[in-house]
Every structure is written in structure tokens, then in C-alpha cells.
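One letter stands for each residue in the lines below.
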Amino acid sequence: MANPILSLRASERLLLRLIRQYTPSRAELSQLSGLTPGTVSQYCRKLQFLGLIRENEKQVKKRGQPSFHLSLNPTGCCSIGITFLTDSFSLSLVDFTGKKIANSTYLYHNSNDLAVLLDQVKQSIYSLLERKFLSEARILGVGISISGVVLPDESRSSPWFPLLQNQPNLTMLFENALGYPCHIENNINTIAIGEYYSGRWNKINDIIVISLDFGIGAGIISQGRLIRGARGNAGEIGALFPYDKPRPTWKNLCQKFEKLPSNELLKTMLCEKHPDIEAWLNHAKPQILSLILSAIAWYDPKQIVLTGLLPTNFIDELIDYAQKSEILTNISHPIATLSSNQISVEDISIGAAILPIYILLQENRDLSKKSLK
């Protein structure tokens, strides 16, 4: 039986999106959406019947009756996310608000046979759902995070994982194998969507997430929408930093060591101003400043989040340098706030799991938007 959630009207998706951001009353929702109070009540009745929203009593400080505010219902449906690594894949399950329900990592049974991989992913999903007693839950879809650029035939360039490289019709292959609607994005875009839905930025619609891990990428969300570009490769800023020269990445930093350093070791070396760490920071700081300036100039975001596998104190060091730079402090108009957030592989698969929710709430955005004052 078809999932009725996937057949929602544009107006109903608009209301869900506004409810996620603002948890408004019905009167506020009418103001935000531009729809009449009667239409809002009609659509909300349907969304409540589908189990997607709920009405919560919100106490008021002044005398009078408490008001009722709408919010997304976490149990309305679930969504699944997958990210692929060199020797394993990470699988996450989130509720309708984007909160993690479960996460597991699985070693590949066979990393040279796509059919075997797809079957393993399918069985792992079923096992995870059964373990969480969610076998009968409504599944909105599967988000798949794959590193690499989109090629002209819409396949992916993933040289680090040849099984998925240059594979045409990859989305269809996953949908046929898993039996759910599937959506594929690159790692940085799923990281950006995960950050956008983290709850930290509910009142912000313009945010850029710059990730420094194995490579460098930027996820750009403008007016609440992910900017993908004409071919799906917007934000591939790693091209600005040639591989034969120092790059401001976690991978480049780790290459200074004989074996992979722990975060604790890196933090200690930073505090002790170790020469290798200082040398890396000396080239990374101006490189990151150039990215921040470019982001501000091109997109005028309200928030820029610097993230990646680097320890938080490294990211904070880069941000502090940028904030104190003369070129940034001399900008006369208001500019983006900078913040840091360290991520893990689990966070990438959680961002991938949020992707089907994001797509549901973003489709058919033809209606006018207003701001809640």
C-alpha cells in the first residue's frame, strides 16, 4: 500500500515545515503560511489524523488561558540513513523530528560485489528495525550518503570505494533492492542537512557548513533550501586546494604522524604548541579565512558552521583567527556568526537519515513565505 505521507499537497508540506521550525499556534501558523485560519484547521486535522503533528499545551506567563502549539510528532514515521566507508557502512534510524533512534556499523561481507552489498544493507535494515520493535513502522525513505562528485550521467565518482564508482542508475538500484524510496547525496550535503535539523538553528534559514575531514566541502542552505547547483556539485571547494600542497583538512594533519593520532593526543599537542601542529595551523588559518570570506561574499549566510573530524579546540582555533582578522573586523555590514561542531561517522549517517524528511518538507515549494515576528 502506498505511503499517504508521500502524497501530501504542497500546502500541507509547507505547514509541516513551518511547524518544525516555529512550533506555532494555529493563529501563528496562519500568519506564517498566508493561509486562512479555516484552511489551516482543515489541513492540521488531516496531518493530525496521519499522526504527523500533535497539539501541545503551552503555558503563558500572564493571566489567561494557556495556548496550544503545534509540533511534529516524533512517532509519525521513521527514516533510514546509510553512509559508506572503506571497510564498513554506518546505518542510522531517526524519528520524524530527526532525532536518533538507533545506529549500527557493519563490516562488508563482500566489498567487490554490488548485489551482495545491497542484500547485506537490506538485511541490516530489517534487523535494526526488528531490534527496535519498528518492523511495522511507516518508513519515509532511505537517505544515502556517498562521497564524491556527480558525473554527467548522474553516477558518482567514489575512487576510495570502487564498488560505487561510476555506477549508473544507482538510486534505482538501491530502491529496487531495499523496497523504499531512496535519495543519494554527497557527504557534505548530508552533514549540512543534519546540522540544519539539529535544533540549534530552527530560526535560521541561511547557513553554510564547511567540513574539514578527509577532504574539504561546503553544504549551502539558502532560504531553507539546499543549494546543489546545476549538476549537483555546488560546494566542492576542495578544488581550491591542490592535493600536492598543504590542505586545511583532518587527513592532511594526520599525515604528519606514522599512525592515526587520537583526538586526545592532538588536543595535548595543540595545548603544548607542538611544532608540527603549529606548522599545520599556520597554513590552515589563512586558508579557512579565505573560505569564510568567500562564503560571506557570495551567499551572505546568517550562520557559518565549521565542522569535521578535527577536535573541537582545533576548529575553535581556526574560528578565533578568522574572527580576529583585520579583513573580517573591517567589514561594515552585519556578517555571519561563526560556530564549531565536531562530527563523527555516525553524524553523517544521521544526516543521511534526515534527507528523506528534508525532501518531504521541501518539495513543491511554490507558496509564498512569511516570517514570524
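All values reported here derive from a predicted model rather than from experimental measurement. (Residues numbered from 1 in each chain as written. Predicted model: local features only at pLDDT ≥ 70, side-chain atom pairs only at ≥ 80, totals over all residues. Heavy atoms only, no water.)

### Overview of the layout of surface pockets
- Within this model, the largest pocket holds a volume of roughly 1000 Å³.
- Lining the largest pocket are 36 residues, and of these Ser 147, Trp 160, Asp 213, Phe 214 and Gly 215 sit closest to its centre.
- Elements that contribute at least two residues to the lining of the largest pocket include exactly strand S3 (78-84), strand S5 (100-107), helix H6 (187-196), strand S9 (216-222), helix H7 (250-254) and helix H12 (345-362).
- Here the residues of the lining of the largest pocket are counted per class, giving 15 nonpolar, 15 polar and six charged. (1 Å grid on protein atoms, 1.4 Å probe; cavity = no way out; pocket = protein on both sides within 12 Å on 5 of 7 lines; lining within 4 Å. Points joined across faces, edges and corners; volume = space filled by probe spheres on them. Helix = DSSP H or I, 4+ residues; strand = E, 2+ residues; numbered from the N terminus. Nonpolar A, V, L, I, M, F, W, Y, C, P; charged D, E, K, R; others polar.)

### Focus: the nonpolar core
- Counting 48 residues, the largest nonpolar core has Leu 16, Leu 52, Ile 53 and Phe 96 as its most contacted members.
- Those elements giving two or more residues to this core turn out to be helix H1 (10-22), helix H2 (26-33), helix H3 (37-49), strand S2 (67-72), H6, strand S8 (207-212) and H12.
- Per element, the largest residue contribution to this core is 10 residues, and it comes from H12.
- Setting aside residues no more than four positions away along its own chain, Leu 52 makes contact with Ile 5, Leu 8, Leu 16, Leu 47, Ser 71, Leu 72, Asn 73, Gly 76, Phe 96 and Arg 138.
- Trp 250, Ile 277, Ala 295 and Ile 296 belong to the second-largest nonpolar core, a separate cluster that totals 38 residues. (Core = buried A, V, L, I, M, F, W, Y, C linked by side-chain atoms within 4.5 Å. Buried < 20%, exposed > 50% of the residue type's maximum accessible area, 1.4 Å probe, protein only. Contact = heavy atoms within 4.5 Å.)

### Things to note about the sheet that holds strand S6 (residues 139-145)
- Strand order across the open sheet formed by five strands is S5-S4-S3-S6-S7, with mixed pairing between neighbours. Two strands close off the open sheet at either side, each with one partner strand: S5 and strand S7 (182-185). Sheet twist, expressed as the mean angle between neighbouring strand axes with direction ignored, is 20°.
- Relative to S7, S6 is paired through four bridges, and the arrangement is parallel. Bridge pairing in S7 places Ile 144 opposite Ile 184.
- Against the sheet, helix H5 (residues 170-178) contacts S3, S6 and S7, and its axis sits at roughly 140° relative to S7. (Pairing = 2+ DSSP bridges. Axes fitted to C-alpha atoms, helices over the stretch in contact; angles between N-to-C directions.)

### So, H3
- For H3, with 13 residues, the first-to-last C-alpha span of 18 Å sits near the 18 Å given by 1.5 Å per residue.
- Every buried residue of H3 is accounted for by Val 40, Tyr 43, Cys 44 and Leu 47. One side of H3 carries all its buried residues, which in axial view fall inside an arc of 105°. In H3, the exposed positions angled more than 90 degrees off the buried face are occupied by Arg 45 and Phe 49.
- Gly 51 sits one or two residues past H3 and shows a positive phi near 80°. (Expected span 1.5 Å × (residues − 1). Arc of directions from axis to C-beta.)

### A short note on H2
- When we look at burial in H2, the residues that qualify are Leu 29, Ser 30, Leu 32 and Ser 33. Buried residues along H2 cover an arc of 165° about the axis, so they all sit on one side.
- Among the structural elements, H1, H3 and S2 are those in contact with the buried residues of H2.
- Taken from the residues just after H2, Gly 34 is the one with a positive phi, measuring 80°.

### Thoughts on the domain arrangement of the protein
- In terms of domains, the protein is made up of domain 1 (4-58 + 67-72), domain 2 (78-191 + 348-362) and domain 3 (202-342).
- On the domain 3 side, the residues contacting the 11 residues of domain 2 number 15 residues.
- Of the roughly 1100 Å² buried at the junction of domain 2 and domain 3 (both faces included), carbon and sulfur atoms supply 46%.
- Seen at the junction of domain 2 and domain 3, the total is one salt bridge.
- A salt bridge links Arg 228 to Glu 185; the nearest nitrogen and oxygen atoms lie 2.4 Å apart.
- Between the two partners, domain 2 and domain 3, sit five residue pairs in polar contact (both at pLDDT 80 or more).
- Of all elements in the fold, only H6 and H12 reach the threshold of two or more residues within the side of domain 2 that touches domain 3. (Domains from an automatic or database assignment. Buried area = accessible area lost by both parts, 1.4 Å probe. Salt bridge = Lys/Arg side-chain N within 4 Å of Asp/Glu carboxyl O. Polar contact = N/O pair within 3.5 Å; in protein donor to acceptor, adjacent residues only side chain to side chain.)

### Observations concerning the environment of Asn 202
- Mapping Asn 202 onto the fold places it in the loop between H6 and S8.
- With a relative accessible area of 21%, Asn 202 lands in the partly exposed category.
- The residues touching Asn 202, leaving out its near neighbours within four places in the chain, are Arg 20 and Gln 21.

### A few points about the pattern of salt bridges
- Enumeration over the complete set of coordinates arrives at seven salt bridges.
- The residue Glu 346 makes a salt bridge to Lys 100 at a minimum N-O spacing of 2.9 Å. Remark: Lys 100 occurs in strand S5 and Glu 346 occurs in helix H12; sequence separation between them is 246 residues.
- For Lys 100, a relative accessible area of 46% corresponds to the partly exposed category.

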